[in-house]
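Tertiary structure, described
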Amino acid sequence: MPRIVDTEIMEEHIESTYMVPFAEFVDRFDTFRDGSFPSHWHHGMEIHLILKGRARFLVNGIAYTVKEGTGIYIASRAIHSMKKADNGTISYNIVVDPQIFIYFLRNIQCTKYIAPLIQELPDALLIENSNEEGNRVLSALASIRDIDKDEEAYELFVLEKLICLWRSLYLIVPHRPGGRQSRGKMLREKRMRIMVEFIRKHFNEPISIRQIAEAANVSKSECYRCFSLLSEVPPSEYLNKIRLLHAAQLLANTNHSIITICYQVGFNDTSYFAKMFKREYGLSPRSYRNKELMAHCLSLDPV
């Protein structure tokens, strides 16, 4: 089964050639730039199983520490980031579009079994192996990870495990009376998603905080408030992190000059770029490039 490493965040994507309604990933946190995965969101729900070590997840402003052998559910469209708590941390995770369950269950209690997980489930939910249903969720994830992708009826096996996973999630959901979260909270999260996507699309341009705020039709103060509550970093710092993340990738994977890379990722001052890069990665851009080149050469040497 082919594996693709995302050049932006070094996440290993297990690409399937089958019509299976989910995406698989392996996250080796040591390979992430500074051991962290920046704030982002998905249209589908995400479920992690920590295979080794511990990781800290920030989901819509709430922090969760997930240890080895346990997992975390992250709701569809929730703003989240993650960072290793231990060296060597590895996670297996899947992203699933809830629409697949709506398709299969549309004629059998769709409202009863699907609405709670789409409308009522918290933004994140720790999945422990100490209770029966939590253990079933983790076991279903492990089974999907371990199945041979070339096995006959692979798709049916995956669907079987996804239904099992959904059932167990349903049983451990702390169903809330009234269901939906407050309008203010939902609105702030929507604004944050818009601003995060704006930054990721325009990071290499000379954008200002005002432009970031205007993308979500909010004031600068509300922009700062959204980032403070949901990402724990101000928008200017988040913008710089995204720029430096791309700069690190260009330094490691291209022969472009440092000056060229500086301007390609949105900085307009090479001295400031070098200063911020060293603050983020502990090395000057040139030293970082040499380190990555040496690591690449060593990886090609026969053992």
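So, here is what we can say about the structure in this document. Owing to the predicted nature of the structure, the values given are computational and were not obtained by experimental measurement.

**Comments concerning the overall build of the protein**
From N to C terminus, the protein includes 11 helices and 11 strands. Out of the 303 residues in the protein, the part that is buried amounts to 46%. A sequence separation of at least 24 residues applies to 69% of the contacts in the protein between residues at least 6 apart. Total accessible area on the protein is roughly 15,600 Å²; 52% of this is exposed by carbon and sulfur atoms.

**Re the pattern of salt bridges**
A complete count under the given rule lists 14 salt bridges for this structure. Of the charged contacts in the structure, one is a salt bridge between Arg 136 and Glu 133, with a shortest N-O distance of 3.3 Å. Taken together, the residues Arg 136 and Glu 133, both in helix H3 (residues 132–146) and 3 residues apart, mark about one turn of the helix. Between Glu 133 and Arg 167 there is a salt bridge; the shortest N-O distance is 3.7 Å. Of this pair, Glu 133 sits in helix H3 while Arg 167 sits in helix H4 (residues 154–172); the two residues are 34 residues apart in sequence, bridging distant segments of the chain.

**Digging into a negative patch on the surface**
Together, Asp 148, Asp 150, Glu 151 and Glu 152 give the surface a local cluster of negative charge. With respect to the helices, strands and loops of the structure, Asp 148 is situated in the loop between H3 and H4.

**Here we look at the nonpolar core**
Soluble, globular proteins show a tendency: their nonpolar side chains are buried together. Counting 39 residues, the largest nonpolar core has Ile 47, Phe 57, Ile 94 and Leu 165 as the members making the most contacts within it. When residues no more than four places from it in sequence are discounted, the contact partners of Phe 57 are His 48, Ile 50, Ile 62, Ala 63, Tyr 64, Val 66, Ile 72, Ile 74, Ser 81 and Met 82. By size, the runner-up hydrophobic cluster in this structure holds 37 residues, among which are Phe 203, Cys 226, Tyr 238 and Tyr 288.

**Some words on the side chain of His 80**
Positionally, His 80 belongs in strand S9 (residues 80–84). Residue His 80 is classed as buried on the basis of its relative accessible area of 1%. A polar contact is formed between the side chain of His 80 and the side chain of Glu 46, at a distance of 2.8 Å. Within polar-contact distance, the side chain of His 80 engages the backbone oxygen of Ala 78 at 2.8 Å. Among residues more than four places away in sequence, those in contact with His 80 are Pro 38, Ser 39, His 40, Trp 41, His 42, Glu 46, Leu 58, Val 59 and Ile 74.

Procedures and definitions
- Residues numbered from 1 in each chain as written.
- Predicted model: local features only at pLDDT ≥ 70, side-chain atom pairs only at ≥ 80, totals over all residues.
- Heavy atoms only, no water.
- Helix = DSSP H or I, 4+ residues; strand = E, 2+ residues; numbered from the N terminus.
- Buried < 20%, exposed > 50% of the residue type's maximum accessible area, 1.4 Å probe, protein only.
- Contact = heavy atoms within 4.5 Å.
- Areas by Shrake-Rupley, 256 points an atom, 1.4 Å probe, with all protein chains shown as cover.
- Salt bridge = Lys/Arg side-chain N within 4 Å of Asp/Glu carboxyl O.
- Patch = residues over 30% accessible without salt bridge, like charges linked within 9 Å, V, L, I, M, F, W, Y side chains within 5 Å.
- Lys, Arg positive; Asp, Glu negative; His and termini not counted.
- Charge placed at Lys NZ, Arg CZ, Asp CG, Glu CD.
- Core = buried A, V, L, I, M, F, W, Y, C linked by side-chain atoms within 4.5 Å.
- Polar contact = N/O pair within 3.5 Å; in protein donor to acceptor, adjacent residues only side chain to side chain.

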